[in-house]
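The chain contents come next:
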Amino acid sequence: MYQIYRPRLRALLLRATVLASLSMAVGAQPVPPSLKATIEQNTAGKVRVEQITASPIPGIYQVVSEGEIFYTDASGRFGFVGGAMVDMKTQQDLTAPQLEKLNSVPFASLPLKHAIKEVHGNGKRQVAVFEDPQCPICRVFTKFVDQLDDVTVYRFMFPVISPESAQFARAAWCSPNRAEAWQQVMAGRRLQGREDCDTSGLVEILKFGERHRIQNTPTVILGNGKRLVGATPPEQFIAELDASVSIK
């Protein structure tokens, strides 16, 4: 992943260097005198500004607050915090919705024919789970999914952690009862069996994950396409699952 973005990062660093040199050449931009008060007003006093200095980028200022650094525009309303743009007045993360949209996966595009399908109750809610047997969180999460009502679950074997994961996945894939075998693998059993069957479907799942930048397990795709990665708290997961069927 880092190799893919290195050229882009080099270009951004070069641009920043050029901007910095230009800024030093023409002199530092003045800090608007009301900026400190505006930031504190927009954040209802929650952000105490200790220092504001000009950045190399025109119109962008560096703010020091209680040992932390963030950047803001001249209006004092929009801040750049940890790689996200924040509306400090409404306390909204403006980057998160765009990132969520970027990472969404249309449910119909999933290779569902290669999944292990389970229907609980009326099955009206849909969830796809990419899981690896060597992932401790996956082994806990798969038990949680087993207890969900009124949901259709599509489990995808996604052995990306180690060669041993791939071995277990192939053995489960080639088993006469694929669903039962995968359940045993996810329960911690070191499954042994033939691995020489047609595993092209397993390969297709891995290629799908690569195309959609699925790099961690468990990764969940909800019916509305929203992606959840890692250990989502149960209450939050249920809320997201319910919302995925109520949004049209």
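Draft legend 1. Just the overall build of the protein, in detail. Helix and strand counts for the protein come out as eight helices and eleven strands. The burial tally for the protein puts 38% of its 248 residues in the buried class.

Draft legend 2. Region of the structure containing the state of the cysteines. Applying the stated criterion to the full structure yields one disulfide. There is a disulfide in this structure between cysteine 174 and cysteine 197, and the S-S distance comes to 2.0 Å. Because the torsion about its S-S bond is -85 degrees, the bridge between cysteine 174 and cysteine 197 counts as left-handed. Within this pair, whereas cysteine 174 is found in the loop between helix H5 (163-173) and helix H6 (178-186), its partner cysteine 197 is found in the loop between H6 and helix H7 (200-211), the two being separated by 23 residues in sequence.

Draft legend 3. View of the sheet that holds strand E11 (residues 227-229). Reading across the sheet, the five strands line up as E7-E9-E8-E10-E11 and stay open at both edges, with mixed pairing between neighbours. In this open sheet, the two strands that pair with only one neighbour each are strand E7 (116-120) and E11. Taken over all neighbouring pairs, the strand axes of this sheet differ in orientation by 20 degrees on average, direction set aside. Alignment of strand E8 (residues 125-131) against strand E10 (residues 219-222), held across four bridges, turns out to be antiparallel. For valine 127, the partnering residue across the bridge sits in E10 and is leucine 222.

Draft legend 4. Representation of the nonpolar core. Within the largest apolar cluster, 30 residues are counted, with the highest numbers of intra-cluster contacts made by Leu110, Phe130, Phe156, Met157 and Trp182. Elements supplying a minimum of two residues to this core: E8, strand E9 (151-157), H5, H6 and H7. Core analysis: the next-biggest nonpolar cluster, separate from the first, contains twelve residues, Leu148, Val153, Leu222 and Leu241 among them.

Draft legend 5. Local environment of a nonpolar patch on the surface. A surface patch of nonpolar side chains, amounting to about 390 Å² of accessible area, comprises Ile69, Tyr71, Phe80, Met85 and Leu94. Along the chain, leucine 94 turns up in the loop between strand E6 (92-93) and helix H3 (96-103). Overall, leucine 94 belongs to the partly exposed group, its relative accessible area being 30%.

Draft legend 6. Main features of helix H4 (residues 136-146). Those residues of H4 lying buried are Cys138, Phe141, Thr142 and Val145. The arc that holds every buried residue of H4, seen down its axis, measures 105 degrees, which confines them to one face. Seen from the buried face of H4, the exposed residues on the opposite side, beyond 90 degrees, are Pro136, Val140 and Lys143.

Draft legend 7. Looking closely at the pairing of strand E5 (residues 84-87). As judged from the four bridges shared by strand E4 (residues 78-81) and E5, these two strands associate in the antiparallel manner. Counterpart to phenylalanine 78 in the pairing with E5 is aspartate 87. In sequence, E4 turns back onto E5 through a hairpin of two residues, with glycine 82 there showing a positive phi of about 55 degrees. Between E5 and the antiparallel strand that follows it, E6, lie four residues; glutamine 91 among them carries a positive phi value of about 60 degrees.

Draft legend 8. Main features of H5. Of the positions making up H5, those classed as buried are Ser165, Ala166, Phe168, Ala169, Ala171, Ala172 and Trp173. Residues of H5 that are buried in the fold lie against E9, H6 and H7.

Draft legend 9. Quick peek at the side chain of glutamate 240. Summarising the element assignment, glutamate 240 is placed in helix H8 (residues 234-246). In this structure the side chain of glutamate 240 is engaged in a polar contact, spanning 2.8 Å, whose partner is the side chain of lysine 226. Apart from residues no more than four positions distant in its own chain, glutamate 240 is found in contact with Leu222, Lys226 and Leu228.

Conventions and cut-offs
Residues numbered from 1 in each chain as written. Predicted model: local features only at pLDDT ≥ 70, side-chain atom pairs only at ≥ 80, totals over all residues. Heavy atoms only, no water. Helix = DSSP H or I, 4+ residues; strand = E, 2+ residues; numbered from the N terminus. Buried < 20%, exposed > 50% of the residue type's maximum accessible area, 1.4 Å probe, protein only. Disulfide = S-S within 2.5 Å. Pairing = 2+ DSSP bridges. Axes fitted to C-alpha atoms, helices over the stretch in contact; angles between N-to-C directions. Core = buried A, V, L, I, M, F, W, Y, C linked by side-chain atoms within 4.5 Å. Patch = residues over 30% accessible without salt bridge, like charges linked within 9 Å, V, L, I, M, F, W, Y side chains within 5 Å. Areas by Shrake-Rupley, 256 points an atom, 1.4 Å probe, with all protein chains shown as cover. Salt bridge = Lys/Arg side-chain N within 4 Å of Asp/Glu carboxyl O. Arc of directions from axis to C-beta. Contact = heavy atoms within 4.5 Å. Polar contact = N/O pair within 3.5 Å; in protein donor to acceptor, adjacent residues only side chain to side chain.

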